[in-house]
Amino acid sequence: MQTRLLTRNIDEVDAESLVVLCFEKADAQAPLMPELVRTANERTNGWIAEIYQTGEFAGKPFEMALLHRPAGLPAKRLLAIGCGSQEKFTAADLRKITGAALRSLKARASRDICIALDSAFASPEFVSAAVEGAILGDFEPDQRKTDPKKTEKAVDTFSLVIPNANGSVTESAFNRGVLLAESQNFARALVNEPANVLTPSQLAESARAMAAEQGLECEILDRARMAELGMGALLAVAQGSTQPPALIILRYRPSRDTSGVHLGLVGKGVTFDSGGISIKPSEGMEKMKYDMAGAAAVLGAMRAIAQLKPSIQVTALVPTVENMVSGSSQRPGDIITSLSGKTIEVLNTDAEGRLILADAITYASRLGCTHLVDAATLTGAIVVALGHIHVGAFTNDEAFLERVLGAARMEGEKMWPMPLDDDYKDYLKSAFADIPNVGGRWGGAITAAMFLKEFVEDKPWVHLDIAGTAWLDDAKPFMSKGPSGVGVRTLAQLAASW
Ligand code: BES
Ligand code: ZN
Ligand code: ZN
């Protein structure tokens, strides 16, 4: 899908479909009707006023009305989409609205879609969000379906028209939105790949190719190198699979670095999590291909960072393995030695994410990272705590967490702070090793974070548990079902805004 930014009036837009944003309570005479809607209303002899008056349309979020061959406009179709309250309308709302408009028109075989944005909503934040929503809405997870009807419904062109756009500011906001959303879709495509296709080696190859394209440095540690370094925790998870593990390292270096900040982004890359010997129930196990969504979020963010060119150094570390059941799998009761030197009693082989992250986090410190953020589909317990709405955010440094949450708010990604007091340490006691890999029955998301905290030492660190938010079980009006790509925009914005 091509994207374009246009500066012209809507009666000069000859797109196949033109979309105007309509708000609640904006009846025919209402002063609330934005200028653009008023123009569309005039050119269509009062069609918009009429749909409000007849009660067919009230401007509620995602409500839609479609007019074919609007007499006074060159567009072939005019779509009025409801946006809810105009006073409360945010960039995050706009992101969803443009996504929903695109998806609805795409389902009606429209290939050339133009969304008009009133000057009241043409700030950089809104402009980025508008184009992001459209690109995110365009993503489909059914690339492996062979049905040819599918391609008949692809959108060729998406345009955002802003009659009085403020030149270069608007343009750079638009370009920023394009690169962020494309990076998010890059992450979603990785998550969507089945585990037979996206093995750890394939994930490493995808990262290498992306790095080459974007001008990032790439280094991939193989099993032998990791053994030499002593990454016993990561290797213990990998040992049950015929697929070799990898530690993917991507580096972004700013042209002029004055801050001394070196951000480390660590992403859980379990390409399939069967649970290992502590095997998962078969129902729903197919979804465990998304256990590398943290890795994908970090790689997607690096793709965006390469283009946004922030002024701090950023290094991505992605440990990637397949957690399988075999004669060579690790067993419950095994005691392994991590890169940090700490010994770990493996009480449950299904708590594998924290094992691979532990070694990657230790290695991040050795590479000189001053701040760390990890993203991981780490626990089912975070889904119990926060459902599928918020990412769980844990930290050892409140100020750093505030910075991450600020970036998340800016990008419309919902994250919620979780506790991590030292009192929880009591939940992680082993009689035989320094630390067990699981706590007791309660507070599972917190004990998982507590485990990771043991490996970060004293650096500011934020852990994002995305197990509940990385995958949509049902489609939304603005997004397909499947991988959400959560985390990409927040991590990119975190680096970009430093
Ligand atoms: N990958 C899972 C967590 C997960 C669960 C992700 C649901 C997405 C959806 C993780 O490796 C895991 O299995 N965690 C266990 C930990 C337990 C053994 C302490 C869990 O959450 O059940
Ligand atoms: Zn697991
Ligand atoms: Zn897992």
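Residues numbered from 1 in each chain as written. Chains lettered and ligands numbered in written order. Predicted model: local features only at pLDDT ≥ 70, side-chain atom pairs only at ≥ 80, totals over all residues. Heavy atoms only, no water.

## Considerations on the coordination of the zinc ion (ligand 3)
So, step 1. Protein-derived coordination of the zinc ion (ligand 3) comes from Lys268 (NZ), Asp273 (OD), Asp291 (OD) and Glu352 (OE), at a distance range of 2.0 to 2.4 Å.
So, step 2. Each of the six donor atoms around the zinc ion (ligand 3) contributes to a set of angles spanning 78 to 173°, which defines the coordination as octahedral.
So, step 3. Counting along the primary sequence, the residues that act as donors to the zinc ion (ligand 3) give the motif K-x4-D-x17-D-x60-E.
So, step 4. A separation of 3.2 Å is found between the zinc ion (ligand 3) and the zinc ion (ligand 2), which share aspartate 273 as a coordinating residue. Remark: aspartate 291 occurs in the loop between β10 (269-273) and α10 (293-308) and lysine 268 occurs in the loop between β9 (262-267) and β10; sequence separation between them is 23 residues.
So, step 5. Under the relative-accessibility criterion, aspartate 291 is labelled buried at 2%. (Donors = N, O, S within 2.8 Å, 3.2 Å for Na, K, Ca; no water. Tetrahedral: all angles 85-135°; square planar, octahedral: opposite > 155°, others 65-115°. Helix = DSSP H or I, 4+ residues; strand = E, 2+ residues; numbered from the N terminus. Buried < 20%, exposed > 50% of the residue type's maximum accessible area, 1.4 Å probe, protein only.)

## Considerations on the nonpolar core
So, step 1. Counting residues in hydrophobic clusters, the biggest one holds 61 residues, and the most contacted among them are Leu265, Met302, Val373 and Leu464.
So, step 2. Looking at this core element by element, the count peaks at 11 residues for α10.
So, step 3. Not counting the four nearest positions on each side in its chain, methionine 302 is found in contact with Met210, Leu216, Leu250, Arg251, Tyr252, Leu265, Val314 and Ala316.
So, step 4. Listed in part, the 50 residues of the second largest apolar core include Leu247, Val270, Ile382 and Met450. (Core = buried A, V, L, I, M, F, W, Y, C linked by side-chain atoms within 4.5 Å. Contact = heavy atoms within 4.5 Å.)

## As for the environment of isoleucine 356
So, step 1. Along the chain, isoleucine 356 falls in helix α11 (residues 353-366).
So, step 2. Along the primary structure isoleucine 356 and isoleucine 97 are separated by 259 residues, whereas in three dimensions their C-alpha atoms are 39 Å apart.
So, step 3. Contacts of isoleucine 356, omitting those with residues within four sequence positions, involve Leu234, Val237, Lys268, Gly269, Val270, Pro319 and Val321.

## Let's talk about helix α14 (residues 444-456)
So, step 1. Over its 13 residues, α14 extends 19 Å from the first C-alpha to the last, a length consistent with the 18 Å expected when each residue adds 1.5 Å.
So, step 2. Extensive coverage of α14 is indicated by the burial of 10 of its 13 residues.
So, step 3. Within α14, burial applies to Ala445, Ile446, Thr447, Ala448, Ala449, Met450, Phe451, Leu452, Phe455 and Val456.
So, step 4. The first or second residue beyond α14 is glutamate 457, which carries a positive phi of 60°. (Expected span 1.5 Å × (residues − 1).)

## Digging into the environment of arginine 108
So, step 1. Within the secondary structure, arginine 108 sits in the loop between α3 (91-107) and β5 (112-116).
So, step 2. With 190 residues separating them in the primary sequence, arginine 108 and valine 298 have C-alpha atoms 35 Å apart.
So, step 3. Excluding residues that lie within four positions of it along the chain, arginine 108 makes contacts with Leu66 and Arg77.

## Overview of the coordination of the zinc ion (ligand 2)
So, step 1. The protein atoms that coordinate the zinc ion (ligand 2) are Asp273 (OD), Asp350 (O), Asp350 (OD) and Glu352 (OE), at distances spanning 2.0 to 2.2 Å.
So, step 2. Coordination at the zinc ion (ligand 2) comes from six donor atoms whose angles at the metal span 73 to 168°, giving a geometry best classed as irregular.
So, step 3. Each donor residue of the zinc ion (ligand 2) lies on the same chain, and together they follow the pattern D-x76-D-x1-E.

## Structural notes on the pairing of strand β11 (residues 313-323)
So, step 1. For β11, a buried count of 11 out of 11 residues is recorded, marking the element as mostly surrounded by other parts of the structure.
So, step 2. Alternating residues of β11 divide into Gln313, Thr315, Leu317, Pro319, Val321 and Asn323 and Val314, Ala316, Val318, Thr320 and Glu322, and every residue in both groups is buried.
So, step 3. Here seven bridges tie strand β8 (residues 246-252) to β11, and the two strands are oriented antiparallel to one another. Counterpart to tyrosine 252 in the pairing with β11 is valine 314.
So, step 4. Bridge count between β9 and β11: five bridges; the pairing is parallel. Residue pairing for β11: leucine 265 is matched across the bridge by alanine 316.
So, step 5. Inspection of the sheet shows β10 paired to β11 by four bridges, in the parallel sense. Within the sheet, the bridge partner assigned to phenylalanine 272 lies in β11 and is glutamate 322. (Pairing = 2+ DSSP bridges.)

## Here we look at the domain arrangement of the protein chain
So, step 1. Splitting the protein chain by domain gives domain 1 (2-164) and domain 2 (184-496).
So, step 2. Between the C-alpha centres of domain 1 and domain 2 the distance comes to 37 Å.
So, step 3. Contacts between domain 1 and domain 2 engage 16 residues on the former and 19 residues on the latter.
So, step 4. Summed over both partners, the interface of domain 1 with domain 2 comes to about 1400 Å²; 60% of that surface belongs to carbon and sulfur atoms.
So, step 5. Linking domain 1 to domain 2 there are two salt bridges.
So, step 6. Salt-bridge contacts for arginine 489 lead to glutamate 132; the nearest nitrogen and oxygen are separated by 3.4 Å.
So, step 7. Looking at the side of domain 1 that touches domain 2, the elements that each hand over two or more residues are α3 and α4 (124-138).
So, step 8. In terms of residue count, α3 provides more of the side of domain 1 that touches domain 2 than any other element does, six residues in total.
So, step 9. Here the side of domain 1 that touches domain 2 is built from residues that sort into seven nonpolar, two polar and seven charged. (Domains from an automatic or database assignment. Buried area = accessible area lost by both parts, 1.4 Å probe. Salt bridge = Lys/Arg side-chain N within 4 Å of Asp/Glu carboxyl O. Nonpolar A, V, L, I, M, F, W, Y, C, P; charged D, E, K, R; others polar.)

## What about the packing of aromatic side chains?
So, step 1. If you walk through the whole model with that rule in mind, you get 11 aromatic pairs.
So, step 2. Look at tyrosine 52 and phenylalanine 57: their rings are 5.3 Å apart centre to centre, the planes differ by 85°, and that puts the pair in the edge-to-face class.
So, step 3. For tyrosine 52, a relative accessible area of 11% corresponds to the buried category.
So, step 4. With a centroid separation of 6.2 Å and 35° between ring planes, the pair formed by phenylalanine 89 and phenylalanine 126 is classed as tilted. (Phe/Tyr/Trp six-rings, centres within 6.5 Å; stacked < 30°, edge-to-face > 60°.)

## Quick word on unusual backbone geometry
So, step 1. Of note in this structure, phenylalanine 62 is not a glycine but carries a positive phi near 75°.
So, step 2. Mapped onto the secondary structure, phenylalanine 62 falls in the loop between α2 (47-53) and β3 (64-68).
So, step 3. Unlike most non-glycine residues, arginine 69 shows phi in positive territory, near 50°.
So, step 4. Structurally, the position occupied by arginine 69 is in the loop between β3 and β4 (77-82).

## Structural notes on the state of the cysteines
What makes a disulfide is a covalent bond joining the sulfur atoms belonging to two cysteines.
So, step 1. Across all of its chains, the model carries zero disulfides by this definition.
So, step 2. Sulfur of cysteine 22: no disulfide; nearest cysteine sulfur belongs to cysteine 83 and is 7.1 Å away.
So, step 3. No disulfide involves cysteine 114; its sulfur sits 14 Å from that of cysteine 22, the nearest cysteine.
So, step 4. For cysteine 114, a relative accessible area of 0% puts it in the buried group. (Disulfide = S-S within 2.5 Å.)

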